[in-house]
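Structural characterization, general
Next come the chains, spelled out residue by residue.
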Amino acid sequence: MLQYDDSAFYFVALSFITLYIVPSWYSIINNVRVALFSTDEDIGAVSRTSAEKQKASELKKTSKGLKTLNSTGFIVNFVLTLLCSAIFLWLYFSVQSNGEVNSFDPFTILQIDTGAELKEIKKAYKKMSLRYHPDKNPNNPQAEATFMMVAKAYEALTNPVAKENWEKYGNPDGKQSLAVSIGLPEFLLNVDNRNLVLLTYLIVMVIVVPCAVWAYYSNSSKFGEKDVMYDSYAWYHHNLNEHTLTKSLPEVLAGSAEFRERNLTKSQADKDEIGKVLARVKSHMQKPSYNHPVVLKGNVLLHAHLTRQTDVLSEASMEDLRFMLRYSSSLIDAMISVCKHQESLKSALNCVKFGQFVAQGMWIKDSELLQLPHFTENEVGHVAKGKPSAKTIKEYMAIPNESKKGLKEFTEEQKEDIFKCCDILPNLTVETKVFVDDDEDDNVYEGDLCTVLVTLTRNNVPEGEKAGLVHAPRFPFPRREAWWVALGTKEGKIISIDKVTSPERVVVHKIKFLAPRAGHYEFDLHVLSNAYVGFDHEESVELTTQDPSALPEYKVHPDDAELDDEPTLFEEMMNANIEADSDSDEEEDSDGDDDDESEEEGIRELTEEESKKRELQKKARKKDDSDSDDDSDVEEVHAD
């Protein structure tokens, strides 16, 4: 009979605990490795210019060292892993000392020495049977199970047949197909532990498990694509439309659901600080559409970053701003996806440009030259005057280093920073090609699958190397260079918009869409950086489609036409079955001629399936007749 087995329980428990502690220790060790042994490049703490040194230093403080492990999730997981590891070791040593899964041993069951005499066996059996008899232990399943095992052990030692079976097969009942025991501890059957076991079961199954499922579901159900909360998507759908301007986007981002708890003002001092900062950035803000404290605070903090006035913020406000900037990239991507869903090209491009401003800590009216390290409005004004002058970042990069203006007040180190930054900034070449995958005709017809092949070449990246991190000293987190490729109509509808994240020197991106009705069309292709201002590329893509009626008539080859007339494998199998059925029906008919009852039963209306079968039988017979006629004709010709 099945019985609870402590040894089997040890193995089962070891298996389940191993499933947790192995990946958990791997995660812990990996986190410790990153915190203590990761390089600066691994965490993005690179300082290619002196302007990036402060950012790199802050990243090292926040991303390296034991203090980075001081999070609630890591600590809870570490404590649970230690506890489970201690239990694992206890189970392991228990298995080492008593690791044999429960097997039938009558001497152990009767608690006597191996090879004991018959008199001692009877004495032990009488003692234990009286002790565990069900009449003396009512409602005690453990005592009942022990009593049955004692009886079976006594039988195995006294009955010759049962003893032979035990010695030969290990079981008094003879050869067994499989030896099975229950992998649970024996104390669960103890009457004294019944209330405790039942209470524990109720707590786990009625309270712990439902609460854990509810907590997981309530948390995971809040998030949609790209780990952005559904409430944020609803907020974006409500505030974004085809008329959305770039200057209104800080308020849209500030209202994201991810920031609502963090940006809640908790004291009067917080309100006073936000009021003071608002007075300084108000001239750069669009009139707020919402006066909610959470949205207002986020809007003010973002404008402090965009206007480079973060020096007036307190440490607590700076932490709130860093929190917003940490999630800004994914949230802006979500805003672009909402614009894509609305098919609003202009709004999507405005969201991309807003992401550029956030990365560089600039705003709409600022000069592109402020992306250069150490540059201020004074240097910008000096560069715009005289010759060679430059008003855009591309124009300034095209000027040789020895002729660049605005460097008079800078040290040699600062000049080197500017030259280095000009080498880091992208120098992109965009090539486009429109085609249809058709070798027979180069024309495009209505309904064809068109492909716009966009080739991006980073001329500033040497052959065999990849693009590095974005030079954004005012953005507190590392950011990878990427490019948004958007194709839209002249009416402002989005055909495609995708983020190209490959760091390769040459990147090929394909845009596929169905050709519209016959006519001549012009589409707008936009290539925008995710982090740099002033490097956007725009060009027109032309497409001429023709009416599909102009296509040459397709003629079926005679061999292909004959193949269409040939029966399929399924039809051949059906015909074979029908012929077999017809033969059996003929035999039944011949037998039925002598049976009046079968004749009476045969007079009835045919079902639809039987009618179809009869028609197929007729066709098969006609085909056989025609084949036989052809054969006879051939024979006659040869006879002649």
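Just so it is clear, the model here is predicted, and its values are computed rather than measured.

In the numbering adopted here, UniProt assigns the feature "transmembrane region" (unreviewed entry) to residues 7-28, 74-93 and 196-217. Secondary structure across residues 7-28 comprises 100% helix and 0% strand; the distance between its end C-alpha atoms is 31 Å. Across residues 74-93, the secondary structure splits into 100% helix and 0% strand, with the terminal C-alpha atoms separated by 28 Å.

Let us look at the sheet that holds strand β3 (residues 449-458). Hydrogen bonds along the backbone pair up the strands of a sheet, which may run parallel or antiparallel. Within the open sheet, the three strands sit side by side as β1-β3-β6. Their pairing is antiparallel. Strand pairing shows two members of the sheet lacking a second neighbour, β1 (428-436) and β6 (506-514), which therefore form its edges. The sheet shows a mean angle of 20 degrees between the axes of neighbouring strands, taken without regard to direction. Pairing analysis gives nine bridges linking β3 to β6, with the strands arranged antiparallel. Opposite V454, over in β6, you have H509 as the bridge partner.

In space, the five strands of this open sheet follow the order β2-β8-β7-β4-β5, with mixed pairing throughout. In this open sheet, the two strands that pair with only one neighbour each are β2 (444-445) and β5 (494-500). The pairing of strand β4 (residues 483-489) with strand β7 (residues 519-529) spans seven bridges and is antiparallel. The residue of β7 that forms the bridge with W484 is L528. Sitting on the sheet, helix α15 (residues 345-360) is in contact with β4, β5 and β7, with an inclination near 15 degrees to β7.

Two numbers describe how helix α10 (residues 230-239) lies on helix α14 (residues 315-342): the axes approach to 10 Å, and their chain directions differ by 50 degrees. What the angle tells us is that α10 and α14 run oblique. As for how α10 packs across α14, the hand of that crossing is right-handed. The segment α10 lies against α14, with Y233, Y236 and H237 engaging L331, A334, M335, S337, V338, H341 and Q342.

Running from N to C, helix α6 (residues 118-131) and helix α7 (residues 141-158) point in directions that differ by 165 degrees, and their axes come no closer than 10 Å. As far as their axial angle goes, α7 and α6 are roughly antiparallel. Where α6 crosses over α7, the handedness of that crossing is left-handed. Contacts from L118, I121, K122, Y125, M128 and S129 of α6 reach α7 at F147, V150, A151, Y154, L157 and T158.

Attention now goes to the environment of P288. By the secondary structure assignment, P288 is in the loop between α12 (268-281) and α13 (293-306). Sequence separation of P288 and S248 is 40 residues, and the distance between their C-alpha atoms is 8.3 Å.

Let us now look at the side chain of T49. Here T49 is to be found in the loop between α2 (40-43) and α3 (53-63). Taking relative accessible area as the criterion, T49 reaches 2% and is therefore assigned buried. Side-chain polar atoms of T49 contact the side chain of H471, separated by 2.9 Å. Those residues in contact with T49 that lie beyond four places of it in its chain are D417, K420, C421 and H471.

This model, assessed by the stated rule, comprises 15 aromatic pairs. Each ring, one from Y125 and one from Y154, has its centre 4.1 Å from the other, and the planes form 15 degrees; the classification is stacked. Linking Y125 in helix α6 with Y154 in helix α7, this pair joins segments that are 29 residues apart in sequence. Judged by centre distance (6.3 Å) and plane angle (10 degrees), the ring pair of Y521 and F523 falls under stacked. For F523, a relative accessible area of 7% corresponds to the buried category. Of the aromatic side chains, those joined through ring pairs into one cluster are W25, F74 and F78. The ring of F435 carries K433 above its face, with NZ or CZ at 5.6 Å from the centroid.

Right, let's get into the confidence of the model for the chain. A residue-level look at the chain finds 85% of positions with pLDDT of 70 or above and a mean pLDDT of 85. Predicted confidence for residues 596-603 stays below pLDDT 50, and this span has three contacts to residues more than four positions away or in other chains. Scored below 50 in pLDDT, residues 629-640 makes zero contacts in the model with residues more than four places away or belonging to other chains.

By size, the foremost hydrophobic cluster in this structure holds 94 residues, and its most contacted members are Y236, M335, L372, F375 and Y396. The dominant element in this core, judged by the number of residues it contributes, is α14, at eleven residues. Among the nonpolar cores identified, the runner-up in size contains 18 residues, and F104, F107, L110 and F147 belong to it.

Note on placement: V95 falls in helix α4 (residues 72-97). C-alpha separation for the pair V95 and F9, spaced 86 residues apart in sequence, amounts to 9.7 Å. Leaving out residues up to four positions away in the same chain, V95 has contacts with Y10, F11 and L14.

Cut-off values and rules
- Residues numbered from 1 in each chain as written.
- Predicted model: local features only at pLDDT ≥ 70, side-chain atom pairs only at ≥ 80, totals over all residues.
- Heavy atoms only, no water.
- UniProt positions renumbered as here; feature names shortened; annotations may be inferred.
- Helix = DSSP H or I, 4+ residues; strand = E, 2+ residues; numbered from the N terminus.
- Pairing = 2+ DSSP bridges.
- Axes fitted to C-alpha atoms, helices over the stretch in contact; angles between N-to-C directions.
- Contact = heavy atoms within 4.5 Å.
- Parallel < 35°, antiparallel > 145°, perpendicular 65-115°, else oblique.
- Left-handed = near helix turned anticlockwise from the far one by under 90°.
- Buried < 20%, exposed > 50% of the residue type's maximum accessible area, 1.4 Å probe, protein only.
- Polar contact = N/O pair within 3.5 Å; in protein donor to acceptor, adjacent residues only side chain to side chain.
- Phe/Tyr/Trp six-rings, centres within 6.5 Å; stacked < 30°, edge-to-face > 60°.
- Lys NZ or Arg CZ within 6 Å of the ring centre and 35° of its normal.
- pLDDT = per-residue confidence, 0-100.
- Core = buried A, V, L, I, M, F, W, Y, C linked by side-chain atoms within 4.5 Å.

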